[in-house]
Amino acid sequence: MQLVSTTRDVLLKPLQVVSGIVERRHTLPILANLLLKKNKEKISFISTDIDIQITTTTDFGIGEEDLSTTVGARKLLDILRAMPEGPVNLNVKDNRMVVQSGKSRFSLQTLAANEFPIMQENLQDVRSLSMTQKEFKQLISQVYFAMAQQDIRYYLNGMLFVLEGSKLIAVATDGHRLAYGQIILQQAITGDSGKLEVIVPRKTILECQHLLDDSDEVLDIQISPSQIKFNFGSIELLSKLVEGKFPDYQRVIPKGHKNMVIVKREGFQAALQRAAILTTDKFKGIRCSLKTNLLNVQSTNAEQ
């Protein structure tokens, strides 16, 4: 049965979008697969790791029959990357997917589509907001580095989003440092107007950074008590939220600083990069000393 007829580069694009969250190690074999759902010429590519689900839709299906199947994400991606640019056909026959291009022909095992664990959307008490992809990507880029990695305090392994009035605030901390950023939304938030705080998992944030463009294309976000959904272009990203209470970041940020210094960003960044060369693996720290109109940045390494 015919599934897809297109060129290699056109097929690679949606596959690369959905393959990012596919885990190499998994408890369920089907989680290593992508779900392909064909409705006439429309084809949806879906991947999930139970906590996150990415869907992208294209229109290069072939044949009138509706069809759903799953196939190994990494293997299909590796095969297409190894092929030269040119026409590619995907066909399904006897529980196998045949990938054909030029003189190359690959036969891949498939698993039943009804075994694929589709995430169910929770559409109760939804807040909706819109902004450009560039604005949101810039916001998370300001704070993502401070997220914890595999911390026993699971609520730190993500980013806090706070909806308050027309503001969207992003906060991340690993217990040693804290980053805070905010943007003023141009469009009003629909739904309950009260303050809302949600924690978005680290993996979801990193995937957003990878998939979003630095463009003025619209990004629609829907937040329910247990899920967050991002819609942009032909991509839909659905993610569970982290349960737990994020630390009170307003109490952590000190108020009434005694000293304030204004420096040029590029010059300060370049000085830090030069001084960081001689920091040690044990103590990746530098010393800053202030004098009148002078900021000294110093690092020492007793071993070198």
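Residues numbered from 1 in each chain as written. Predicted model: local features only at pLDDT ≥ 70, side-chain atom pairs only at ≥ 80, totals over all residues. Heavy atoms only, no water.

**Student:** Describe unusual backbone geometry, naming the residues involved and giving the relevant values.
**Tutor:** In this structure, N95 takes a positive phi of about 60° despite not being glycine. On the secondary structure map, N95 appears in the loop between β6 (87–93) and β7 (96–101). With phi around 50°, Q150 is a residue other than glycine that occupies positive phi space. Of note, Q150 is situated in the loop between α3 (133–143) and β10 (158–164). Q150 gets classed as exposed once you look at its relative accessible area, which sits at 80%. (Helix = DSSP H or I, 4+ residues; strand = E, 2+ residues; numbered from the N terminus. Buried < 20%, exposed > 50% of the residue type's maximum accessible area, 1.4 Å probe, protein only.)

**Student:** Residue-level account of the packing of α3 against helix α4 (residues 202–211), with values.
**Tutor:** It is at 10 Å that the axes of α3 and α4 come closest, and there the two elements cross at 130°. Considering their axes alone, α3 and α4 lie oblique with respect to each other. By crossing handedness, the relation of α3 to α4 is classed as left-handed. Within the contact between the two elements, α3 uses F136, K137, I140 and S141 and α4 uses I205, C208 and Q209. Counted by class, the contact of α3 with α4 contains four nonpolar, two polar and one charged residues. (Axes fitted to C-alpha atoms, helices over the stretch in contact; angles between N-to-C directions. Parallel < 35°, antiparallel > 145°, perpendicular 65-115°, else oblique. Left-handed = near helix turned anticlockwise from the far one by under 90°. Contact = heavy atoms within 4.5 Å. Nonpolar A, V, L, I, M, F, W, Y, C, P; charged D, E, K, R; others polar.)

**Student:** Let's hear about the pattern of salt bridges: which residues, and what values?
**Tutor:** As enumerated under the stated definition, the model contains 11 salt bridges in all. Put simply, K195 and E197 hold a salt bridge, and the shortest N to O gap is 3.5 Å. The class for E197 is partly exposed, based on a relative accessible area of 36%. One salt bridge connects R265 with E266, and the closest N-O pair in it is separated by 3.9 Å. The two residues R265 and E266 agree in class, both being exposed. Taken together, the shared-partner salt bridges connect R8, D9 and E85 into one network. (Salt bridge = Lys/Arg side-chain N within 4 Å of Asp/Glu carboxyl O.)

**Student:** Tell me what's going on with a nonpolar patch on the surface, and back it up with residues and numbers.
**Tutor:** A cluster of nonpolar residues, V261, V263 and L290, forms a patch on the protein surface that exposes about 250 Å² of accessible area. Inspection of the secondary structure assignment puts V263 in the loop between α5 (249–252) and α6 (265–276). Looking at V263, the relative accessible area reads 40%, which means it is partly exposed. (Patch = residues over 30% accessible without salt bridge, like charges linked within 9 Å, V, L, I, M, F, W, Y side chains within 5 Å. Areas by Shrake-Rupley, 256 points an atom, 1.4 Å probe, with all protein chains shown as cover.)

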